[in-house]
Amino acid sequence: MTDIATDATVELSNCDREQIQFLGHVQPYGCLIAISGDWVVQHVSANIDDMLGLDPETAIGARFLDLFPREVVHHLRGRIQILGQDSGAARVYGVDLFEDGRYFDVSVHASGSSYLFEFEPKTQQAMRDEMSLVQPLMSRVRRRREIPAMAREAARAMKALTGFDRVMIYQFQRDDSGTVIAEAARPGMTPFLGLRFPASDIPRQARELYVRSPIRLIMDVDAEPQPILPASGPEGAPLDLSMSVTRAVSPIHLEYLRNMGVAASMSVSILREGRLWGLIACHHDTPHYVDYEKRSAVELFTQLFSYEVAAVETDAERQQSLQARMLHTGLVEHMTDPNAIGENFEHIARAIGEVIPFDGITIWINDRFHALGSTPTREEFMGLLRHLHGVAAGRVHATDLLMDRYLAADGFVERAAGLLSLPISRGPRDYIVLFRREQVQQVTWAGDPAKPAQPGPNGLRLTPRKSFEAWTETVRHQSAPWTESEIAAAETIRITLLEVVLKIADDSIAERKRAQERQELLIAELNHRVRNILNLIRSLVSQSRSGVTSVSEYTRILDDRIDALARAHDQLTNSDWEAASLRELIETEVTAFVAERRDRVRITGDDVLLAPEAFSTLALVVHELVTNAAKYGALKHEHGTVNITLTRRGDDGLKIEWRERGGAAVKPPEGRGFGTTVIERSIPFELGGTAELRFALTGTEATFSVPARFVSTAPKRPAPVQTPGGAALPEVPPARLSGRALIVEDNMIIAMDGADILSELGCEEVATASGVGEALRLIETGHFDIALLDVNLGHETSMPVADALQARGVPFLLATGYGATDGIAESYPDAVILKKPYTKRSVQTSFTLLLRGEDQG
């Protein structure tokens, strides 16, 4: 899937001289100049005349300042100044290299005693900000917290960012083979998802280069590479192109790509802790150029994706390590002497199994054998024990293919095909050994992995495979692999067990007592927290009982209230700890506690945004007010109402008025409880505002003022989804969507979000198009059941697409960010207009109205 080493400094043991003819060449989409430390040109690429207009013979030996204007050289010198050792390349975009209106992207990096300048003509002169796309694309990845889901989002994002026909996320396995764990491809392409590629497809030299140089573009596999002139430097060695962004690639790899039907490719390294975790592999059916500026954005996206992958995996490893450490107390308690180990064997096995899954476990301690589950017999284990003495003395040993290491395992491979052994004594004597059964599995390879080398013109050599058709292999005598985190957890457990065994030998009573005290403290703290949680749940359960006539109604109300409380707690988190809406805060609290009476709470005045420190304070105050109204005030009675008025004062501060009416006659409380104290004192004490609480006969009243520094104006809420006549949509039971859907939208992020919404609403497949031409081609080649069209596509409108869909009887929504819709309504009287920004609910409601209108028609 990737190019092999192209660096003269890397050993190429599997290739003959014919196969490394690409050394000292660059791809023709860029050209190269190498200069010495005194700024004299040492090497150039042969295409420098075509690209820069410089004669190679004249350029070689010339001073850099003689080739380019003085200001340009000064600027490039400055970029070199910021280069440190092993700092990678300095990048400059849009340089008017000859001050004649020809712009180039430039990369500069150190190579030995030289500096390498690589120039690529600027293909787009319009104002661009490729880096601004990285953050919204990464935010989609961050929503997922499992590697497969993150990889799917990353593949979709990379395809949208680069325009390649196919993007694959390729993860390396422990045997250096690789599996395609995610794929985003143009419709009609043969899927590669789930296929495994053998380790020989990416030789060791290529892996080393992918760590050093993380991105590689091949614009055209048939393009003629350009040689470096002269081929060797003064010392007789070729120029080191390891870090070159335009260096040519192996003809073996180019043949490999042609065999796959690929005309252009790009690969980007996914690194974790300096090691190659996987690759993002991009393929295109025709030549495809991604300029240097966009490649820099791609590289940044991949680095951020690498960090997210590392964070998820590290968190899982941390959790497993934490579980392993938590075993310590339990094991200490049950392993007080050698006899207790055997007596508590099942408990010990169960505790270890909560951290490391296994099918069988044996303990060999003080020449005594204990076994549980699927394990070898005592006689079989005695032979295995001698094997362990030789390979696992003093360290954890793991294998998922025991027969490869211990031939006698053939006798019990069905019961124990893989093992993880933990020595638990100072010498090779005592062990805990975990076993896993044989796991017969079907592995689907991209072609036969057993044929990586074939005869060539000069004898047997590395030759790319010709076929990539799925090839299935049945794997036997092998267990599920032991993961790195499981092995790390086993090492933690081993150390704990070793300490326990040494403690038994030393009979450390004092240590046992301290462990018991720590355990009791932990249990006491846990008991305290559990009781608090149970008390909260008990209160919710009790409040939800009132007036309920059936178990199902009670369950629904209780579930809604717990869910509403969780949403209220998450409001600040969801706003990235920035200012949040006061109106939404009030509505959330009202819905949480008086869902069936929320229409009796009326909020007037413009919404405001509260700073995070004020939001938390107001959340507590509103919570107490709503709770009191539900328990004792206006919301307790059938005709009671609460009126809340929000007013901006002249000094831009906020005035909040709370008025309850229609409840029972109110009497001041005899004492000031916690809730009343919170209402009266929180805002003055924490925000420097004012608070007044009055218990009028007609109902509780309160007036609050919040200083201006905590308040800002909230944006207007989006208008409701409208019909062609402009009326708000009625509340209708939502319809479930299905079939194939088409989205026409020129904004990449909005298109991806729209596709997610339609998929979540039930559509089996969603195709997207950014323009009219692409949309019409999709309509001509396939059937669609529904469509969502953005009216304005920048330089064109989607009206031709609407006409084509209308002619085929396909129902569609017209999305628009403009206020007036009369012209659209006249042209398409049956269409439903969806105002931007739209949500999942508004899309579902609009399609419900549209589809039911068709059924009635």
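Counting restarts for each chain, with residues numbered from 1 along the sequence as it is written. In keeping with the model being predicted, local features are shown solely for residues with a pLDDT of at least 70 and side-chain atom pairs are shown and tallied solely at 80 or more, while totals for entire chains, interfaces and linings include all residues. Derived side-chain values reflect all non-hydrogen atoms in the structure, with water molecules and hydrogen atoms excluded from consideration.

Chemist: I would appreciate a short explanation of the overall build of the protein chain in the present structure.
Modeler: What the protein chain contains, in helices and strands, is 24 helices and 35 strands. Each residue is assigned to one of three classes by its accessible area relative to the maximum for its type, calculated with a 1.4 Å probe on protein chains only: buried under 20%, partly exposed between the two thresholds, exposed over 50%. Looking at the protein chain as a whole, 49% of its 857 residues are labelled buried. Nonlocal contacts in the protein chain, meaning residues at least 24 apart in sequence, comprise 66% of its contacts between residues at least 6 apart. Surface exposure here means Shrake-Rupley accessible area, sampled with a 1.4 Å probe, where a residue is shielded only by the protein chains that are shown. For the protein chain, the computed accessible surface area is about 41,400 Å², with 51% contributed by carbon and sulfur atoms. In DSSP terms, a helix is any run of H or I states spanning at least four residues, a strand is any run of E spanning at least two, and both are numbered starting from the N terminus. We call two residues in contact when some of their heavy atoms are within 4.5 Å.

Chemist: Explain the packing of helix α6 (residues 147-162) against helix α20 (residues 748-760) here, please?
Modeler: If you want to describe how two helices pack, look at the angle between their axes and the distance between the axes. Where α6 contacts α20, the two axes come as close as 11 Å, and the packing angle between them is 140°. In terms of crossing hand, the pair formed by α6 and α20 is right-handed. Only Met748, Met752, Ala755 and Asp756 of α20 make contact with α6, whose side of the interface consists of Glu153, Arg156, Ala157, Ala160 and Leu161. For the contact of α6 with α20, a count of residues per class yields six nonpolar, no polar and three charged. The axes are straight lines fitted to the C-alpha atoms, using for helices just the contacting stretch, and the angles between their N-to-C directions are given from 0 to 180°. Less than a right angle of anticlockwise turn of the near helix away from the far helix marks a crossing as left-handed, whereas a clockwise turn marks it as right-handed. Three categories are distinguished: nonpolar for Ala, Val, Leu, Ile, Met, Phe, Trp, Tyr, Cys and Pro, charged for Asp, Glu, Lys and Arg, and polar for the others, with Gly belonging to the last.

Chemist: Help me understand helix α18 (residues 612-631) in this model?
Modeler: Along an α-helix, a turn takes 3.6 residues, which lines up residues three or four apart on a common side. In this model α18 runs 28 Å from its N-terminal to its C-terminal C-alpha over 20 residues, within 8% of the 28 Å that 1.5 Å per residue would give. Of all 20 residues in α18, 14 are buried; the element is thus mostly enclosed. For a helix, the expected span equals 1.5 Å multiplied by the number of residues minus one.

Chemist: Please explain unusual backbone geometry as it appears in this structure.
Modeler: Negative phi values dominate among residues other than glycine, just as trans dominates among peptide bonds. In this chain, Leu229 is followed by Pro230 through a cis amide linkage whose omega measures -15°. Checked against the element boundaries, Pro230 lands in the loop between β11 (226-229) and α8 (251-259). A positive phi is found at Glu273, a non-glycine position, where the angle reads about 50°. Tracing the backbone shows Glu273 in the loop between β12 (264-272) and β13 (275-284). Of the residues examined, Glu273 reaches a relative accessible area of 67% and is grouped as exposed. Backbone geometry at Asp652 places phi at a positive 70°, although glycine is not the residue there. Along the chain, Asp652 turns up in the loop between β26 (641-648) and β27 (654-661).

Chemist: Just to check I follow, could you spell out the packing of aromatic side chains for this structure?
Modeler: Each aromatic ring pair is described using two quantities: the centre-to-centre distance and the angle formed by the ring planes. Here a Phe, Tyr or Trp ring, Trp counted by its six-membered ring, pairs with any other such ring whose centre lies within 6.5 Å, and the pair is stacked when the planes are under 30 degrees apart, edge-to-face when over 60, and tilted otherwise. Taken as a whole and assessed by the stated rule, the structure comprises 15 aromatic pairs. One aromatic cluster in this structure is built from Trp39, Phe64, Phe68, Phe98, Phe117 and Phe119. We note Arg77 situated over the ring of Trp39; from NZ or CZ to the ring centre the distance is 4.1 Å. Both a distance and an angle decide whether a charge sits over a ring: NZ of Lys or CZ of Arg must be within 6 Å of the ring centre and within 35 degrees of the ring normal. Above the ring of Phe784, the side-chain terminus of Arg740 is found at 4.4 Å from the ring centroid.

Chemist: Would you take a moment to explain the sheet that holds strand β28 (residues 690-696) for this structure?
Modeler: Pairing between the strands of a sheet is mediated by backbone hydrogen bonds and can be parallel or antiparallel. Strand order in the open sheet made by the five strands is β24-β26-β27-β29-β28, with mixed pairing throughout. Here the strands that pair on one side only, and so sit at the sheet edges, are β24 (601-604) and β28. Neighbour-to-neighbour, the strand axes of this sheet turn through a mean angle of 10°, independent of strand direction. The pairing of β26 with β27 spans eight bridges and is antiparallel. Residue Thr647 lies in a different strand from β27, and its bridge partner there is Lys655. Across the sheet, α18 lies against β27 and β29 (699-706), angled at about 10° from β27, the strand it touches most. Strand pairing requires that DSSP identify at least two bridges connecting the strands.

Chemist: I keep staring at the side chain of Glu657 and nothing clicks. Help me out?
Modeler: Mapped onto the elements of the fold, Glu657 is located in strand β27. Identification of polar contacts relies on pairs of N or O atoms within 3.5 Å, with a donor-acceptor requirement for protein atoms, meaning one able to donate a hydrogen and the other able to accept it, and with residues adjacent in sequence counted only if both atoms are side-chain atoms. A distance of 3.2 Å separates a polar atom in the side chain of Glu657 from a polar atom in the side chain of Arg659.

Chemist: Teacher, can you tell me more about the sheet that holds strand β23 (residues 580-581) here?
Modeler: If you trace the three strands from one edge of the open sheet to the other, you get β23-β25-β30, paired in antiparallel fashion. Edge positions in the open sheet fall to β23 and β30 (711-713), since each of these has one partner strand only. As judged from the three bridges shared by strand β25 (residues 608-610) and β30, these two strands associate in the antiparallel manner. Across the sheet, Leu610 pairs through a bridge with Val711, a residue of β30.

Chemist: Which parts of the structure should I look at to understand the environment of Trp39?
Modeler: As for its placement among the helices and strands, Trp39 is situated in the loop between β2 (31-35) and β3 (41-45). In contact with Trp39, other than residues within four places in its own chain, are Ala62, Arg63, Phe64, Val73, Arg77, Ile80 and Phe117.

Chemist: What's the story with a negative patch on the surface in this structure? I'm lost.
Modeler: A contiguous patch of negative charge on the surface is contributed by Asp49, Asp50, Asp55 and Glu57. Tracing the backbone through its elements, the reader meets Glu57 in helix α2 (residues 56-59). Each patch is built from salt-bridge-free residues with over 30% relative accessible area, joining like charges within 9 Å and nonpolar side chains (Val, Leu, Ile, Met, Phe, Trp, Tyr) within 5 Å. Salt bridges are defined as contacts in which a side-chain nitrogen from Lys or Arg sits within 4 Å of a carboxyl oxygen from Asp or Glu. Here the positive residues are Lys and Arg and the negative ones are Asp and Glu; neither His nor the chain ends is included. Taken as the charge location is NZ of Lys, CZ of Arg, CG of Asp or CD of Glu.

Chemist: Mind showing me how you'd approach the pattern of salt bridges here?
Modeler: Any two side chains of opposite charge can pair if their charged atoms end up close together. All chains considered together, the criterion is met by 34 salt bridges. A salt bridge links Arg740 to Glu765; the nearest nitrogen and oxygen atoms lie 3.3 Å apart. Taken together, the residues span a long stretch of sequence, with Arg740 in strand β31 (residues 740-744) and Glu765 in strand β32 (residues 765-769) at a distance of 25 residues. According to the relative accessible area criterion, Glu765 is partly exposed, its value standing at 36%.

Chemist: Could you clarify how one ought to interpret the packing of helix α5 (residues 134-142) against α20 in this entry?
Modeler: Put simply, α5 and α20 touch, their axes get as near as 10 Å, and they point 20° apart. With respect to α20, the element α5 is oriented roughly parallel. Handedness of the α5/α20 crossing: left-handed. Contacts between α5 and α20 involve Pro136, Leu137 and Arg140 on the former and, on the latter, Met748, Ile749, Met752, Asp753 and Asp756. Classifying every residue of the contact of α5 with α20 by side-chain character gives five nonpolar, no polar and three charged. Throughout, the term roughly parallel applies to angles under 35 degrees, roughly antiparallel to angles over 145, roughly perpendicular to angles from 65 to 115, and oblique to all others.

Chemist: Help me out: how do you make sense of the nonpolar core in this one?
Modeler: Most often, soluble globular proteins keep nonpolar side chains buried together rather than apart. Here, the term nonpolar core denotes a set of buried Ala, Val, Leu, Ile, Met, Phe, Trp, Tyr and Cys residues that are joined through side-chain atoms within 4.5 Å. Within the largest apolar cluster, 39 residues are counted, with the highest numbers of intra-cluster contacts made by Leu582, Ile644, Leu654 and Ile656. For this core, the elements supplying multiple residues, two or more each, are α17 (582-593), β24, β25, α18, β26, β27, α19 (674-687) and β29. With ten residues, α18 is the largest single contributor of residues to this core. Leu582 has contacts with Asp607, Val608, Leu610, Leu646, Leu654 and Ile656, leaving out every residue within four places of it along the chain. The next biggest cluster of nonpolar side chains, apart from the first, holds 36 residues, and it includes Tyr29, Val167, Ala182 and Phe301.

Chemist: I keep staring at the pairing of strand β18 (residues 431-436) and nothing clicks. Help me out?
Modeler: Moving residue by residue along a regular strand, the side chains alternate between the two faces of the sheet. Within β18, six of the six residues are buried, which leaves it mostly tucked inside the rest of the structure. Where strand β14 (residues 360-365) and β18 come together, five bridges link them in antiparallel fashion. Residue pairing for β18: Ile361 is matched across the bridge by Leu434. Pairing analysis gives six bridges linking strand β17 (residues 418-423) to β18, with the strands arranged antiparallel. For Leu419, the partnering residue across the bridge sits in β18 and is Phe435.

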